[in-house]
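Examining the three-dimensional arrangement
Each chain, letter by letter, is given below.
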Amino acid sequence: MTSAPVSLPVPQVPGRRRAATRARLENRPVDGAKRVLLAAPRGYCAGVDRAVVAVEKALERYGAPVYVRKQIVHNIHVVTELEAKGAIFVDEVDEVPEGAHIVFSAHGVSPAVVQGAADRGLHAIDATCPLVTKVHREAVRFARDDFEILLIGHDGHEEVEGTAGHAPDRVTIVNSPDEADTVQVKDPSKVVWLSQTTLSVDETMETVNRLRTRFPELHNPPSDDICYATQNRQVAIKKVAKDADLVIVVGSANSSNSVRLVEVALEYGAKAAYRVDYADEVKQEWLDGVRTVGVTSGASVPEVLVQEVLEALSEAGYADVDEVRTAEEDLMFSLPKELRQDLSGKRDERALGGRISR
Ligand code: SF4
């Protein structure tokens, strides 16, 4: 049966219009010089870049509409821009007309979703971040080796659902350090922990330590599950936060790594920290008495949105911007295999990503 496509409930106001109409911030005096500390790395990671380019490529190649299961990345602006180009975002594959093209988001999907798409004859393009796929493989391997898997992550988050779906009988989700004190396992000698890729490093280690107190034989994953981009953005904001009266994180409310940046900023010394999608959400009162503003952005945020926040801050007298860089990033991932060749069978020129910031 074919059902009508349903768009995700995201604001339909294009980002550029939002920026052009934003309220101006006043330049009010404070004691001392005003400045901005701009965290780096910030913004787009390799997995997000790849996923967004994958949708754009699919639109170029197959024409609109191209369906995308869930938000391709957790950013309102990105989703809105792709909708304008012809992407249709759906919650589940049964909302997509049979035979259509569907892109799976960077957060990954369970095998059941892949099968559901195949059953409908959909042409699937898998934009799951390779670093999420790595965690999927770990889950499959540990399940095959008879381990119980304690998956540290947020219940209901798409990535957690996708990872748990690779070993549904073996995974128990641990949402918080407190849950580590109560989670039950059948055999404490055959337990491993894995995690969502976008968590707070510190909070995850607290959860692991509390799990290990109860299960001393707890196995570690073969390598970090929290990805390089999440870790790098947290390290950078920690350095900025200690000197900041206010931290502004650009990112959407459903972006796990953006929300974590607000928490980390507060934990590491920022006197206040807020998350905004757009520059027009920066409130005048946040700046009262503020000399140093820290700015960063989550891994799904295009740089243009950060620049708009910097412009708004500049109008308010924060024109002096110092970048605080704690790491260099040059990782790029190949496009999904379904898109690596163009229609004539040649290797696509953007097969290796092609854009980290824009
Ligand atoms: S945040 Fe990390 S896991 Fe998620 S898409 Fe980016 S690189 Fe991949």
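Above this text is the structure in question.
A quick note: this is a predicted structure, and the numbers were derived from the prediction, not measured. (Residues numbered from 1 in each chain as written. Predicted model: local features only at pLDDT ≥ 70, side-chain atom pairs only at ≥ 80, totals over all residues. Heavy atoms only, no water.)

Comments concerning the site of the ligand
Which entries qualify depends on this criterion: We call a residue near a given molecule or strand whenever any one of its heavy atoms falls within 4 Å of it. Helix and strand definitions follow DSSP, with helices as H or I runs of at least four residues and strands as E runs of at least two, each counted in order from the N terminus. Residues are grouped as follows: Ala, Val, Leu, Ile, Met, Phe, Trp, Tyr, Cys and Pro are nonpolar; Asp, Glu, Lys and Arg are charged; every other residue, Gly included, is polar.
Close to the ligand lie Cys-45, Gly-47, Val-48, Cys-129, Leu-131, Val-132, Thr-197, Thr-198, Cys-227, Tyr-228 and Ala-299. Residue assignment for the shell around the ligand shows that the elements contributing at least two residues are helix 2 (46-62) and helix 5 (130-144). In the shell around the ligand, the residues fall into eight nonpolar, three polar and no charged.

A few points about the sheet that holds strand 7 (residues 171-174)
As a reminder of what qualifies: DSSP bridges decide pairing: two strands pair if at least two such bridges lie between them. Axis lines are fitted to C-alpha atoms, over the contacting stretch for helices. Their N-to-C directions set the angle, which ranges from 0 to 180 degrees. In this description, contact between two residues means that some pair of their heavy atoms is separated by no more than 4.5 Å.
Spatial ordering of the open sheet is given by 7-6-8, a layout of three strands whose pairing is parallel. Each edge of the open sheet carries a strand with a single partner, namely strand 7 and strand 8 (191-195). Averaged over all neighbouring strand pairs, the angle between strand axes comes to 30 degrees, with direction disregarded. In the sheet, strand 6 (residues 148-152) pairs with strand 8 via five bridges, with the strands oriented parallel. Note on strand 8: the bridge partner recorded for Ile-149 is Val-192. Helix-sheet contacts for helix 5 involve strand 6 and strand 8, and the interaxial angle to strand 8 is about 170 degrees. On top of the sheet, helix 8 (residues 201-214) reaches strand 6, strand 7 and strand 8; it is set at about 150 degrees to strand 6, its chief contact.

A look at the packing of aromatic side chains
Operational definition: Under the pairing criterion, centres of Phe, Tyr and Trp rings, with the six-membered ring standing for Trp, must be within 6.5 Å; the plane angle then separates stacked pairs below 30 degrees from edge-to-face pairs above 60, leaving the rest tilted. Think of it in three bands: residues with accessible area under 20% of the maximum for their type are buried, residues over 50% are exposed, and the middle band is partly exposed, with areas taken using a 1.4 Å probe on protein chains only. Look at NZ for Lys and CZ for Arg. If either is within 6 Å of the ring centre and within 35 degrees of the ring normal, a charge sits over the ring.
Applying the stated criterion across every chain, the model contains two aromatic pairs. Taking the centre distance of 5.3 Å and the plane angle of 85 degrees together, the rings of Phe-142 and Phe-147 count as edge-to-face. As far as the burial class goes, Phe-142 and Phe-147 line up, both buried. On the numbers, 3.9 Å between centres and 5 degrees between planes, the contact of Tyr-274 with Trp-286 is stacked. Remark: Trp-286 occurs in the loop between strand 10 (273-276) and strand 11 (292-297) and Tyr-274 occurs in strand 10; sequence separation between them is 12 residues. A residue is classified by how much of its surface remains accessible, and Tyr-274, at 31% relative accessible area, is partly exposed. Since its relative accessible area comes to 14%, Trp-286 is described here as buried. Here the guanidinium or amino end of Arg-141 rests over the ring plane of Phe-142, the centre of that ring lying 4.8 Å away. Over the face of the ring belonging to Phe-147 we find Lys-190, whose NZ or CZ atom lies 4.4 Å from the ring centre.

What to know about unusual backbone geometry
Of the consecutive residues Ala-40 and Pro-41, the connecting peptide bond is found in the cis state with omega at 5 degrees. Along the chain, Pro-41 falls in the loop between strand 1 (35-40) and helix 2. We note that Lys-70 has phi near 65 degrees; this positive angle belongs to a residue other than glycine. A positive phi angle, close to 75 degrees, is found at Asp-146, a residue other than glycine. Turning to its location among the elements, Asp-146 is positioned in the loop between helix 5 and strand 6.

Brief notes about the environment of Leu-194
Relative to the helices and strands, Leu-194 resides in strand 8. For the pair formed by Leu-194 and Phe-142, sequence separation is 52 residues and the distance between their alpha carbons is 9.9 Å. For Leu-194, the contacting residues outside a window of four places in its chain are Val-135, Glu-138, Ala-139, Phe-142, Ile-149, Leu-150, Leu-151, Ile-152, Pro-221 and Asp-225.

Digging into helix 4 (residues 111-119)
We count it as follows: It is the directions from the helix axis to the C-beta atoms whose arc is reported.
Residues Val-113, Gly-116 and Ala-117 constitute the buried set of helix 4. Angularly, the buried residues of helix 4 cover 100 degrees about the axis, an arc narrow enough to put them on a single face. The exposed residues of helix 4 that point more than 90 degrees off its buried face are Ala-112 and Asp-119. Those residues of helix 4 that are buried lie in contact with strand 2 (66-69) and strand 4 (101-104). Trailing helix 4 by a residue or two, Gly-121 shows a phi angle of about 70 degrees, which is positive.

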